[in-house]
Amino acid sequence: VGELAESFITMERTLRQSVRELKETTAAKERIESELKIAREIQMSMVPKLFPPFPLRPEFDLYATLVPAREVGGDFYDFLFIDDNRLCFAIGDVSGKGVPASLFMAVTTTLFRTTAVRVSRPDEILFLLNRELCRGNESCMFVTVFCAILDIRTGEVEYSNGGHNLPYFVSHAETRPLRNTGGMALGFTEDVTYRSEKIMLRAGDELFLYTDGVTEAMDEGGNQFSEPRLAEFLHEANGSSATEI
């Protein structure tokens, strides 16, 4: 009986300790979740969310959306007028997931805006952006970026690619990826040269920019959405507004 009583006392002591540890773990988990929620709100505030973004500029239609797979992530998009008639826009995908990727995303978007207003060509923007991201990058993170500048007077788009998924050009006649300019992802090394290409958009033509979160999305059977399905979808959706697409 004495040994049984001692066992119950030990079990009660262990149970109390377990309850204390569970309370501490739960409190820490709730604190982390709260901090991640705040981090998500901060991250989402860094990308434009008001559409249409330029109500007084009817020459083009623009819409974008970002849905992180986790609380925070590394994808981003941004756009801004660099003068009265040229719209600079970009999309990117940081390596990795979670908080590290979101921090690198915040640095990239900030540097993109400060760089875009200094130079007037997308290849120069990527060159300077890459050089800044390489400095002090001890974590060896990198980011793929597609950058372009639209002249709304002519419809000419000059673009440069840094290892990102190539956007699709969609017209009544065809749906195809843009020609690759051959640039590598940003953040690896400063000694990288980026090239630019040009394409002309006519009335009704579209550009669709995306990250691999679209094409690598899986159904319940593990089948990816894939680039062929995306191209087929864009072809069928041709003529729809940017918001509808």
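Below is a summary of the structure that appears in this document.

1. Topic: the sheet that holds strand β3 (residues 143–151)
Taken in spatial order, the five strands of this open sheet run β1-β2-β3-β4-β7, and their pairing is antiparallel. Since the sheet does not close on itself, it has two edges, and those belong to β1 (75–81) and β7 (197–200), each with one partner. Neighbour to neighbour, the strand axes of the sheet diverge by 20° on average, direction disregarded. As paired strands, strand β4 (residues 156–162) and β7 are joined by four bridges and run antiparallel to one another. Across the sheet, residue V157 finds its bridge partner in β7, namely I199.

2. Let's talk about the nonpolar core
Ranked by size, the top nonpolar core spans 46 residues in total, and within it Y77, C88, F89, F112, I125, V143 and L186 carry the most contacts. At the level of elements, β1, β2 (86–94), α2 (98–116), α3 (122–134), β3 and β4 are the ones that each hand at least two residues to this core. When residues of this core are assigned to their parent elements, the largest contribution, seven residues, is made by β3. Sequence-distant contacts of F89, that is, excluding residues within four places in its chain, are made with D78, F79, F112, F146, C147, A148, I149, L150, V157, L207 and L209. Y168, V170, L230 and L234 belong to the second-largest nonpolar core, a separate cluster that totals five residues.

3. Let's talk about the state of the cysteines
For the coordinates displayed, the defined rule picks out zero disulfides. No disulfide involves C134; its sulfur sits 10 Å from that of C140, the nearest cysteine. C134 gets classed as buried once you look at its relative accessible area, which sits at 15%. Using a relative accessible area of 60% as the deciding quantity, one classes C140 as exposed.

4. A look at the pattern of salt bridges
When the charged atoms of two side chains with opposite charge come close together, those side chains can pair. Taken as a whole and assessed by the stated rule, the structure comprises 10 salt bridges. Between R86 and D83 there is a salt bridge whose closest N-O contact spans 2.7 Å. In this structure R86 comes out as partly exposed when scored by relative accessible area, which is 23%. Given a relative accessible area of 31%, D83 falls into the partly exposed group. Between R121 and D123 there is a salt bridge, with the nearest N and O atoms lying 3.0 Å from each other.

So, how was this worked out
Residues numbered from 1 in each chain as written. Predicted model: local features only at pLDDT ≥ 70, side-chain atom pairs only at ≥ 80, totals over all residues. Heavy atoms only, no water. Pairing = 2+ DSSP bridges. Helix = DSSP H or I, 4+ residues; strand = E, 2+ residues; numbered from the N terminus. Axes fitted to C-alpha atoms, helices over the stretch in contact; angles between N-to-C directions. Core = buried A, V, L, I, M, F, W, Y, C linked by side-chain atoms within 4.5 Å. Buried < 20%, exposed > 50% of the residue type's maximum accessible area, 1.4 Å probe, protein only. Contact = heavy atoms within 4.5 Å. Disulfide = S-S within 2.5 Å. Salt bridge = Lys/Arg side-chain N within 4 Å of Asp/Glu carboxyl O.

All quantities given are derived from atomic positions and should not be read as evidence of function.
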